[in-house]
Amino acid sequence: MSASIHGTVAPGFEPVLDVFRDNFTERDELGAAFAVWQGDELVVDLWGGVTDRDTLRPWESDTLATVFSATKGMVAAAFLLLTDRGEVDLDAPVEQYWPGFSAHGKADVTVRMLLEHRAGLCAVDRAIRVDDTWEDPDLTETALVAQEPLWKPGTGQGYGATAWGLYAGVLFQKITGETVGTFLRREITEPLGADVFLGTPSDLHDRVATTYPIDPATIATVLLPKIVGAQLPGVFHRPDLEGEAFSRLLLDRASDTHRAFIHPVMGKGRLSRVNEARMRTVELPWMNATASARGLAQVYAALANKGRHLGTKVWRKAAIDALTPVSSWAYKDRVLCKPLGFNQGFQKEELHLFSPDSASFGHTGAGG
């Protein structure tokens, strides 16, 4: 696909433009943006393509996209600020902030364990719908409290694809009395001037790009035969890493991987429901933040520069320094089946995906 590419790259960053353009010409990209800050200089600021197949509306510099699990990095950034201000003790039991949480074997779960995917709570086994999170929050909380850890808390690590956001969202509100999205906007993104929203205001919905998930037919007829057969495409070419996780997700209903992605049920439309106005407006702290490339990069620019960006200070240097070591590590995460680390909710990923600098941190996400 050919597409109009816009923006700038600083001298020395021209190869980034080449790769960005290749996404359209060689990888069937529809629309995208990419931004990089180096210190206080925006050294890469690119966008191109369209935001919708039907209208062919051009992708603009301020277009917002649903960033899926990159949402977790923004939630982690909010918790980091609470920790920095002394409003939460990472090594205190969750029960201290969330009375009743400790039922069903969770008395020893600390805030740090929960944020670093070590609580044994990578799944919610009781059937709940994503709509229940806003229509019946008491039902959702009851399901979270009723969940038994899948392993002894603190003894293993398993990525909570959806459960992490459910638990983190309720815990944050128990601590602060407000939602994490409200806090994120007031205390972090608005001061930084960053277009990042968890709970996107309705007057900004016309800036959000349409999400086109892989359809079930493609999974069944193209991806699945290749996974269970010989050659694996794309990220699935390493059967001991993402390929194994994807295979377990589809084929092994008893696995931690499968259980981690089942509830809450998205319902008819599945992931394409992120395009619904209601789904954009509510807060799903594991998946539905929207952001522009510039906006997401601005938050991480502040994190990368010891808590400050373009003269605005959000976190203290000591809080950022605490993120540089790996706090939790698994050579084979119980859900994602690959080497993976965490620190206070941020990923400390294996070197081929993140920076070769072991101090780096962030959070990946489909579409972001």
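Our subject is the structure listed above.
Brief notes about helix α2 (residues 70-84)
Given 3.6 residues per helical turn, the α-helix brings residues three or four places apart onto the same face.
Consideration 1: Its 15 residues give α2 an end-to-end C-alpha distance of 21 Å, which sits within 8% of 21 Å, the value for a rise of 1.5 Å per residue.
Consideration 2: Burial of α2 is extensive: 14 of the 15 residues sit out of reach of the surface.
Consideration 3: Looking one or two places after α2, you find G86, whose phi comes out positive at around 75 degrees.

Brief notes about helix α7 (residues 180-192)
Consideration 1: End to end, α7 covers 17 Å across 13 residues, agreeing with the expected 18 Å (1.5 Å per residue, within 8%).
Consideration 2: Taking the largest bend as the criterion, α7 deviates by roughly 35 degrees, centred on R186.
Consideration 3: Within α7 the residues assigned to the buried category are V180, G181, F183, L184, I188, T189 and L192.
Consideration 4: One or two steps after α7, the chain reaches G193, where phi turns positive at roughly 70 degrees.

What to know about unusual backbone geometry
Consideration 1: With an omega of 5 degrees, the peptide bond between H263 and P264 qualifies as cis.
Consideration 2: Structurally, P264 is set in the loop between α10 (256-260) and α11 (277-281).
Consideration 3: One non-glycine residue, D28, adopts positive backbone phi at about 60 degrees.
Consideration 4: Here D28 is to be found in the loop between α1 (14-26) and β2 (31-38).
Consideration 5: We classify D28 as exposed; its relative accessible area is 67%.

Comments concerning the pairing of β2
Consideration 1: Across eight bridges, β2 lies against strand β3 (residues 41-49) in antiparallel orientation. Note on β3: the bridge partner recorded for V36 is V44.
Consideration 2: Joining the antiparallel neighbours β2 and β3 is a turn of two residues, in which G39 adopts a positive phi near 65 degrees.

Considering the packing of α2 against helix α12 (residues 293-304)
Consideration 1: In the contact formed by α2 and α12, the axes pass within 12 Å of each other and the chain directions differ by 40 degrees. Taken together, the axes of α2 and α12 lie oblique to each other. The crossing of α2 and α12 is left-handed. Here G73, M74 and L80 of α2 come into contact with α12, specifically with L296, V299, Y300 and L303.
Consideration 2: Looking at the contact of α2 with α12, its residues break down into six nonpolar, one polar and no charged.

Some points on the packing of aromatic side chains
Consideration 1: By the definition in use, this model includes nine aromatic pairs.
Consideration 2: Consider the rings of F79 and F172, whose centres lie 5.2 Å apart with planes at 85 degrees: the pair is edge-to-face. Taken together, the positions of F79 in helix α2 and F172 in helix α6 (residues 163-176) put the pair 93 residues apart, joining distant regions of the chain. Per residue, the accessibility class of F79 equals that of F172, and both read buried.
Consideration 3: Judged by centre distance (6.1 Å) and plane angle (50 degrees), the rings of W98 and Y167 are tilted. Within this pair, whereas W98 is found in the loop between α2 and α3 (111-115), its partner Y167 is found in helix α6, the two being separated by 69 residues in sequence. Y167 carries the same exposure label as W98, and that label is buried.
Consideration 4: One aromatic cluster is present, formed by F79, F172 and F183 through successive ring pairs.
Consideration 5: Positioned above the aromatic ring of Y212, the side-chain terminus of R53 is 4.2 Å from the ring centre.
Consideration 6: K106 extends its terminal NZ or CZ atom over the ring of F101, reaching a point 5.5 Å from the ring centre.

Looking at a nonpolar patch on the surface
Consideration 1: On the surface, V326, W329 and Y331 cluster together to form a nonpolar patch covering roughly 350 Å² of accessible area.
Consideration 2: Secondary-structure assignment places W329 in strand β9 (residues 328-330).

Describing the sheet that holds strand β5 (residues 196-197)
Consideration 1: Spatially, three strands are ordered β4-β6-β5 in an open sheet, and the strand pairing comes out antiparallel. Of all the strands in the sheet, the pair left with one neighbour each is β4 (65-66) and β5.
Consideration 2: Two elements, β5 and strand β6 (residues 290-291), share two bridges in a ladder whose sense is antiparallel. Considered in β6, the bridge of F197 is made with T290.

Looking at the sheet that holds strand β10 (residues 340-343)
Consideration 1: Judged by pairing direction, the sheet is antiparallel, and its three strands sit side by side in the order β9-β10-β11 without closing on themselves. Lying at the two open borders of the sheet, with one neighbouring strand each, are β9 and β11 (346-349). Across the sheet, the mean angle from the axis of one strand to that of its neighbour is 25 degrees, orientation sign disregarded.
Consideration 2: Sheet topology places β9 next to β10; three bridges connect them, and they run antiparallel.

Considerations on the pairing of β3
Consideration 1: For β3, a buried count of seven out of nine residues is recorded, marking the element as mostly surrounded by other parts of the structure.
Consideration 2: In the sheet, strand β1 (residues 5-9) pairs with β3 via five bridges, with the strands oriented antiparallel. Across the sheet, I5 pairs through a bridge with G48, a residue of β3.

Focus on the pattern of salt bridges
Consideration 1: In this structure the tally under the stated criterion is 20 salt bridges.
Consideration 2: Between R316 and D84 there is a salt bridge, and its shortest N-O distance comes to 2.6 Å. Here R316 is found in the loop between β8 (312-313) and α13 (317-321), whereas its partner D84 is found in helix α2, with 232 residues between them in sequence.
Consideration 3: For R316, a relative accessible area of 45% translates into the label partly exposed.
Consideration 4: Using a relative accessible area of 10% as the deciding quantity, one classes D84 as buried.
Consideration 5: Of the charged contacts, one joins R186 and E178 as a salt bridge, the two residues approaching to 2.7 Å between their closest N and O atoms.
Consideration 6: Judged by relative accessible area, E178 falls into the buried class, the value being 19%.
Consideration 7: Three or more residues joined by partner-sharing salt bridges are found here, namely R85, E178, R186 and E187.

Definitions and limits used
Per chain, residues are indexed from 1 in the order of the written sequence. In keeping with the predicted nature of the model, local features appear solely for residues at pLDDT of at least 70, side-chain atom pairs appear and are counted solely at 80 or more, and the whole-chain, interface and lining totals rest on all residues. Hydrogen atoms and water are omitted, and side-chain values are computed over all heavy atoms in the structure. Each helix is a run of H or I in the DSSP string that is no shorter than four residues. Each strand is a run of E no shorter than two, and both are numbered from the N terminus. Multiplying 1.5 Å by the helix residue count minus one yields the expected span of that helix. Only protein chains enter the accessibility calculation, which uses a 1.4 Å probe; a residue is then buried when its area is under 20% of its type maximum, exposed when over 50%, and partly exposed in between. Across the chain, bend at a residue is computed as the angle between axes fitted to the seven residues ending at that point and the seven starting from it. By this definition, two strands are paired if DSSP reports at least two bridges between them. The angle between two axes is taken between their N-to-C directions and runs from 0 to 180 degrees, where each axis is a line fitted to C-alpha atoms and a helix contributes only its stretch in contact. Should an angle lie under 35 degrees it is considered roughly parallel, over 145 roughly antiparallel, and from 65 to 115 roughly perpendicular; all remaining angles are considered oblique. The sense of a crossing depends on the near helix, which, turned anticlockwise from the far helix by less than a right angle, makes the crossing left-handed and, turned clockwise, makes it right-handed. Here a residue-residue contact requires only that any non-hydrogen atoms of the pair lie within 4.5 Å. Classification used: nonpolar for Ala, Val, Leu, Ile, Met, Phe, Trp, Tyr, Cys and Pro, charged for Asp, Glu, Lys and Arg, polar for all others including Gly. Stacked, tilted and edge-to-face are the three classes applied to pairs of Phe, Tyr and Trp rings, where Trp contributes its six-membered ring and a pair requires centres within 6.5 Å; stacked means planes under 30 degrees apart, edge-to-face means over 60, and tilted covers the rest. Two conditions define a charge located above a ring, namely a distance within 6 Å from the ring centre to NZ of Lys or CZ of Arg, and an angle within 35 degrees of the ring normal. Residues qualify for a patch when their relative accessible area is over 30% and they have no salt bridge, like charges being joined within 9 Å and the nonpolar side chains of Val, Leu, Ile, Met, Phe, Trp and Tyr within 5 Å. Each accessible area is a Shrake-Rupley result for a 1.4 Å probe, and residues are judged covered by the shown protein chains and nothing else. A pairing counts as a salt bridge when a side-chain nitrogen of Lys or Arg comes within 4 Å of a carboxyl oxygen of Asp or Glu.

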